[in-house]
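Read off the chains here:
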Amino acid sequence: MSKRKGTSVSENPNKRSRSVNESENAADSDQEDPILSNVRLPCSELQCGAEVVSDAGIVESITLKNFMCHSLLGPFTFGSNVNFVVGNNGSKCGKSAVLTALIVALGGNAQATNRGSSLRGFVKEGESSADVSITLRNKGRDAYKPEVYGSAIILDLRITREGLRTYKLRSKSGQLISTKKEELVSILDNFNIQVNNPVSVLTQEMSKYFLHSKGEGDKYKFFMKATQLEQMREDFIYIKTTKHLTEDKVEQHSECLKDLKRKYLEKEDRYRSLASLDEMHTKLEELQKQMAWALVTEMEKELEPMKEKLQADRRSTEKYDDKVNEWKNKVDEAEKKYKQVQEQLERITQQVQELQPKCAELKTEAQKRNNLLKSSEVTVHRCKANLRDLEKDKTQLMSRIKDLKLSISQKTGAESKARAERIEQIQTELENLKHQISTLGQQIDQYHHAISRQEVLQRSIEANRRNLQTMESSRSNRLRRFGEQMPALLNAIQEAHRRGQFKHRPRGPLGKICLKDPELALAVEVCLKGQLLAFTCDNYEDEKVLQGLMARMFQGGRRPAIITSNFLSQVHDTRKKAVNHPNYPSVLQALEIEDPVVANCLIDQKGIESILLIKNRTEARRVMQSKSPPANCIHAFSKDGDQIFTNRSYAAEQTRANYLSGDVEEEIRYMSDFKTDQEVIKCKHHKKHYDEKRSAHLHSIQTLEGNLKSKEKEYEMSVAKAKEICLERVESRRSARTLDSEISRLKLKITSQKEQQGDREEIVRQYHEALESYKNMTQQMKNLNSFIKSLDSVMSHRLQAYAELRRFLSARCKYYFDSMLAQRGYSGSMIFDHKNETLSISVQPGQGNKADLSDMRSLSGGERSFSTVCFVLSLWAITEAPFRCLDEFDVYMDMVNRRISMDMMLKVAASQRYRQFIFLTPQNMSSLPESKIIRILRLKDPDRGQRNTQRGEDGDQ
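Residues numbered from 1 in each chain as written. Predicted model: local features only at pLDDT ≥ 70, side-chain atom pairs only at ≥ 80, totals over all residues. Heavy atoms only, no water.

Naming follows an unreviewed UniProt entry, where the chain appears as Structural maintenance of chromosomes protein 6 of Oreochromis niloticus. Its UniProt record gives the chain a comment under Sequence similarities (unreviewed entry), which states: "Belongs to the SMC family. SMC6 subfamily." The UniProt entry for the chain carries the following text under Subunit (unreviewed entry): "Forms a heterodimer with smc5. Component of the SMC5-SMC6 complex which consists at least of smc5, smc6, nsmce2, nsmce1 and nsmce4a." (UniProt positions renumbered as here; feature names shortened; annotations may be inferred.)

In structure tokens:
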């Protein structure tokens, strides 16, 4: 609907007759308003049927045709006070159709009915249109054009299948008065009918929504909309917007005023230009002289900074030259250094190649001597063991001989003879043993000699090994890749093992392995990671010894990890758990590991038998992330170090192999070349940068010199022109632009004067017209500014009044709410937060402590429905409307709450005979008392094709 007239309770207190006088100074607080504390709802009209006739705006009758699912419904004649429309739910008896038709016919939109999204849905299926006819009472002092419409206004609505609606407004006699929507809006405004206001018309869906609403903001919006405060606030916003538009117009008129003032000044100049032309010509010549020399002065001012900048740029050129020369020298030095490094690398490479054969020979010789040393040590140990056994046998035999001699000296006869033979035998054996001892002694001497020779050989091997390590360190420094202390640590381990401190020599670092394919170095290194620097020991005693050596070698630094596991002489059998791919090797297959201990350690720690190496990343993803990945494969690595799982992949952060690269000399050469080359590139980059800056600077100087020459030529021409106009220099404080503007203006005046020299009256007339227009616009601007100022003052006053009215209505609403609750013996509170736009309602069944008040959500369905009815009735008491409609107000109520709510509504209705109440309910209202003010419309369940019947019951209350 269009905007309603801004009427409120406080602005028109006499529009409806009231039985309760309220004060306008109620405060919005949690306490009961002291002004309202002595006011009670009247009960005199409940005992006596006072003859109060409802005035304009109530619904007298309604008829529906082809509306929703009904071919013809009605006509229904409503009473002037209380009306009950009774019918069963879900039976399509037409109860909801009556309320829907009332909302739509009185200007409400389809969404407000909660029965459809568009009007076309209200046309009965198979029909082209639907008709609704409503008769509104038009009597009393609030009647709308009673001389035209009479005592009733008949409103006919037609809704087409396309969703269009047309109105026909008829008088009491049926005469067509108007078909315009604006006329209907005027009627609704006059009667204060608000079908979109939930207090005037509370539909079933809105009632359920409000009943189950959990938001305090929704209750506040319900209150604002019911009291029309929301409409007032929207009006204020509209006024504020209009004010801003007016201010924009004032600003636009200000621009127009400037144009009018300019035109007025022009006309004034023309009016005053009726003086002598000679004076203007004299002034023009003087201005032209000043203009000529003013141009010369300005060009002199322009030339001065250009000359200064040119001199400064020429001085700064030397700095650029110094910088360029400095970096040129650095480039020469870097290139010289780069050349020296290249030559040094070539010499080292040549020396390495020369030492390569000798190194191989030394390695072979060292291996042979190591093998010989090991076999000699085994033989020596065996001989020493045999010697110890023989010494023990000798001692035992000597003891036995001594015992036998003692025994012989004590016995004779046959025993002596036997013992003599036995002695003889023992002596023979003793001789043999002596012979063996002599032989073993010679062998021991020979072994001692061999051991001494072996020690000499070992010292020679050690010397050769040290020489070999020195050569390797100077050539490739392979072990130093694992740390600067790694060669020293390995030497210490070897020395400790030679001394017998280790039961089994520890192996490490584990990264000291060979690759079959050097391209897979980065992949294997990323796979093994920290295991490359680790060592492995057979037992914990060896681990403690190794930790002691590491503590001595790596003081304050990070030590390599130690893995303790029993050493085996054979590699683990991984045939059942290893991955076997016809095209790609596993990490175990890609390595050449001579030591089974190292291989077993990597198998145990990293599972290298179950990791594939696939050079191409795309191919690796295809193999691993297919529907059937290789059996026993954990994951795979590409040659770039990327790790690929069956469902994801990770890119490697490392780009080069640090430990497993094959050609160390090439890496040394690469790193040296890279570092030196980077230094050369850096120097060249700086030199290029300053070369470019110097070139740009020189180009800037050339451009500046060219501009200066051009300006000097212009200056000479300007001086020549100025001398042609005036030989002597004329000084002027004004700029050439100002003088040029004044000269142009003066020329125009002279031309205008010449053209209009004889039309003096026209010039005077135009001057007066321009003056009048300027004065009128100035006065309009003053009036608009005064209006805006007054509007600000009025708006400030009205906003204050709006706040007072809102506080007053809030206090009245709280008072009536408490009164309604008290009739059931309930206590409650209603807290308005106008700042945050929330309304908090708390209810306590029974007269309890206010601290025990709980939110409506904690109540039962019947109690919550009763509380909602109390809230709606309190809003009824503070709002204006000719009729009020409630659809299924008693939903979720038990019989007790339904009866109490019914009594309360009838009591309110009896006290407000000038209003009409329409209640829609599925309940049987036969228990209601008979009264003249109550009318019950019973809608029977349709027998498909039969019309509904209406029964009115009248009686005294």
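A. Representation of the overall build of the chain within the structure. Looking only at helices and strands, the chain has 21 helices and 22 strands in total. Split into buried and exposed, the 957 residues of the chain put 41% on the buried side. Contacts in the chain between residues far apart in sequence, at least 24 positions, make up 73% of those at least 6 positions apart. Total accessible area computed for the chain in this model is approximately 54,200 Å², and 48% of it derives from carbon and sulfur atoms. (Helix = DSSP H or I, 4+ residues; strand = E, 2+ residues; numbered from the N terminus. Buried < 20%, exposed > 50% of the residue type's maximum accessible area, 1.4 Å probe, protein only. Contact = heavy atoms within 4.5 Å. Areas by Shrake-Rupley, 256 points an atom, 1.4 Å probe, with all protein chains shown as cover.)

B. Main features of the side chain of Ser 96. Positionally, Ser 96 belongs in helix 2 (residues 95-105). A relative accessible area of 17% means that Ser 96 is categorised as buried. Here Ser 96 is in contact with Arg 115, Gln 204, Asp 887 and Leu 920, once residues within four sequence places are set aside.

C. Structural view of the sheet that holds strand 14 (residues 635-637). Across the sheet, which stays open at both edges, the four strands sit in the order 13-14-15-16 with mixed pairing between neighbours. Two strands close off the open sheet at either side, each with one partner strand: strand 13 (611-613) and strand 16 (649-650). Inspection of the sheet shows strand 15 (residues 643-644) paired to strand 16 by two bridges, in the antiparallel sense. Counted as the bridge partner of Gln 643 is Tyr 650 from strand 16. (Pairing = 2+ DSSP bridges.)

D. Quick peek at the side chain of Ser 586. Note that Ser 586 resides in the loop between strand 11 (562-564) and helix 14 (587-590). Among all residues touching Ser 586, those that are not within four sequence positions of it are Val 579, Ile 608, Glu 609, Ile 611, Leu 612 and Leu 613.

E. Region of interest: unusual backbone geometry. In this model, Gly 508 is joined to Pro 509 through a cis peptide bond whose omega is -10°. Here Pro 509 lies in the loop between helix 11 (486-498) and strand 9 (514-515). The phi torsion at Glu 837 lies on the positive side, around 55°, for a residue other than glycine.

F. Quick look at the nonpolar core. Judged by nonpolar contacts, the single largest core of 56 residues is most densely connected at Phe 84, Phe 223, Phe 871, Leu 875 and Trp 876. Excluding residues that lie within four positions of it along the chain, Trp 876 makes contacts with Val 199, Arg 884, Leu 886, Val 908, Phe 917 and Phe 919. Within the second largest apolar cluster, 47 residues are counted, among which are Phe 67, Val 85, Leu 188 and Leu 937. (Core = buried A, V, L, I, M, F, W, Y, C linked by side-chain atoms within 4.5 Å.)

G. How the structure looks around the packing of aromatic side chains. A full pass over the atoms with the stated rule returns 14 aromatic pairs. Here the aromatic cluster, defined as three or more aromatic residues joined through ring pairs, consists of Phe 84, Trp 876, Phe 917 and Phe 919. The aromatic ring of Trp 327 is capped on one face by Lys 330, whose charged end is 4.0 Å from the ring centroid. Above the ring of Phe 645, the side-chain terminus of Arg 648 is found at 4.3 Å from the ring centroid. (Phe/Tyr/Trp six-rings, centres within 6.5 Å; stacked < 30°, edge-to-face > 60°. Lys NZ or Arg CZ within 6 Å of the ring centre and 35° of its normal.)

H. Fine view of the pattern of salt bridges. Inspection of the entire model under this criterion finds 21 salt bridges. Of the charged contacts in the structure, one is a salt bridge between Arg 507 and Asp 595, with a shortest N-O distance of 2.4 Å. Of this pair, Arg 507 sits in the loop between helix 11 and strand 9 while Asp 595 sits in the loop between strand 12 (591-592) and helix 15 (596-606); the two residues are 88 residues apart in sequence, bridging distant segments of the chain. Taking the shortest distance from any N to any O, the salt bridge between Arg 807 and Glu 804 comes out at 2.3 Å. (Salt bridge = Lys/Arg side-chain N within 4 Å of Asp/Glu carboxyl O.)

I. Seen up close, helix 12 (residues 521-528). Taken across its eight residues, helix 12 has eight buried, putting it largely inside the fold. Where helix 12 is concerned, the buried positions are Ala 521, Leu 522, Ala 523, Val 524, Glu 525, Val 526, Cys 527 and Leu 528. Where helix 12 is buried, its residues meet strand 9, helix 14, strand 12, helix 15, strand 13 and strand 14. Two residues or fewer past helix 12, Lys 529 is found with a positive phi of approximately 50°.

J. Layout of the environment of Leu 106. Relative to the elements of secondary structure, Leu 106 occurs in the loop between helix 2 and helix 3 (110-113). Residues Leu 106 and Ile 134, 28 residues apart in the sequence, show an inter-C-alpha distance of 8.8 Å.

K. Highlighting the pairing of strand 20 (residues 883-887). When you tally the buried positions in strand 20, you get five out of five residues, the bulk of the element. Here two bridges tie strand 8 (residues 201-202) to strand 20, and the two strands are oriented parallel to one another. Note that in strand 20 the partner of Val 201 across the bridge is Cys 885. The sheet contact formed by strand 20 and strand 21 (residues 916-921) spans five bridges and is parallel. Of the residues in strand 21, the one forming a bridge with Phe 883 is Gln 916.

L. Highlighting the packing of helix 11 against helix 13 (residues 540-553). One can describe the packing of helix 11 onto helix 13 by two numbers: an axis separation of 10 Å at closest approach and a directional angle of 145°. Helix 11 and helix 13 meet at a crossing whose hand is right-handed. Here helix 11 contributes Ala 488, Leu 489, Ala 492, Ile 493 and Ala 496 to the contact with helix 13, which in turn contributes Leu 546, Leu 549, Met 550 and Met 553. Among the residues making up the contact of helix 11 with helix 13, the classes are represented as nine nonpolar, no polar and no charged. (Axes fitted to C-alpha atoms, helices over the stretch in contact; angles between N-to-C directions. Left-handed = near helix turned anticlockwise from the far one by under 90°. Nonpolar A, V, L, I, M, F, W, Y, C, P; charged D, E, K, R; others polar.)

M. Representation of the sheet that holds strand 6 (residues 165-170) in the model. Here six strands make up an open sheet; going across it, the order is 2-1-4-5-6-7 and the pairing antiparallel. The open sheet terminates on both sides in strands that have one partner only, identified here as strand 2 (70-77) and strand 7 (176-178). Pairs of neighbouring strands in the sheet enclose a mean axial angle of 20°, with direction left out of account. As judged from the nine bridges shared by strand 4 (residues 129-137) and strand 5 (residues 152-160), these two strands associate in the antiparallel manner. Paired with Arg 137 across the two strands is Ala 152, which belongs to strand 5. Strands in contact with helix 2 are strand 1 (59-67), strand 2, strand 4, strand 5 and strand 6; relative to strand 1, the strand with the most contacts, it is inclined by about 100°.

N. Inspection of the pairing of strand 3 (residues 82-86) at higher detail. Within strand 3, five of the five residues are buried, which leaves it mostly tucked inside the rest of the structure. Side chains Val 82, Phe 84 and Val 86 project from strand 3 onto one buried face, and the interleaved Asn 83 and Val 85 project onto a second face that is buried too. By the bridge criterion, five bridges tie strand 3 to strand 21 in an arrangement that is parallel. Bridge pairing links Asn 83 to Ile 918 in strand 21. Taken together, the five bridges between strand 3 and strand 22 (residues 934-938) define a ladder with parallel strand orientation.

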